[in-house]
Amino acid sequence: MRRHLGLKSPQLQGKDVKEVQRKLGLRGKDVDGFFGPVTAGRVQEWKWKNGFPENRISTTLGLPGLALLFGEREFPADFQRR
């Protein structure tokens, strides 16, 4: 079961966060299972690189974004044009 990921205090942690970190290309000590500033920044960068609308580029990763990240859902055509 997936959950909405974002910066919180205390930081979200778990195996699901590690999976996301790896999928975002993080390596080494950055794959720590904590959704902190490094992971949040990488989410924002991933959204920008994949054509998310400007008003939807944030440091959070909801269920639709997770489906896109893991290739379970195709990016909308307008994302691909950006």
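Here is what the cut-offs are and how they apply
- Residues numbered from 1 in each chain as written.
- Predicted model: local features only at pLDDT ≥ 70, side-chain atom pairs only at ≥ 80, totals over all residues.
- Heavy atoms only, no water.
- Helix = DSSP H or I, 4+ residues; strand = E, 2+ residues; numbered from the N terminus.
- Buried < 20%, exposed > 50% of the residue type's maximum accessible area, 1.4 Å probe, protein only.
- Polar contact = N/O pair within 3.5 Å; in protein donor to acceptor, adjacent residues only side chain to side chain.
- Core = buried A, V, L, I, M, F, W, Y, C linked by side-chain atoms within 4.5 Å.
- Phe/Tyr/Trp six-rings, centres within 6.5 Å; stacked < 30°, edge-to-face > 60°.

(A) Focus on the side chain of Q21. Positionally, Q21 belongs in helix 1 (residues 15-23). On the basis of relative accessibility, which here comes to 0%, the residue Q21 falls in the buried class. In this structure the side chain of Q21 is engaged in a polar contact, spanning 3.0 Å, whose partner is the backbone nitrogen of G33.

(B) Just the nonpolar core, in detail. Among the nonpolar cores identified, the biggest contains 15 residues, and L5, V20, L24, F35, W46, L61 and L69 are the most heavily contacted of them. For this core, the elements supplying multiple residues, two or more each, are helix 1, helix 2 (37-49) and helix 3 (63-69).

(C) Structural view of the packing of aromatic side chains. The final tally for this structure, using the stated rule, is 4 aromatic pairs. Relative to F52, the ring of W46 has its centre 5.4 Å away and its plane inclined at 55°; by these criteria the two rings are tilted. Grouping residues by exposure puts W46 and F52 together as buried. Look at F75 and F79: their rings are 6.2 Å apart centre to centre, the planes differ by 45°, and that puts the pair in the tilted class. According to the relative accessible area criterion, F75 is partly exposed, its value standing at 21%. With relative accessibility at 4%, the residue F79 sits in the buried group. A network of ring pairs unites the aromatic residues W46, F52, F75 and F79 as a single cluster.

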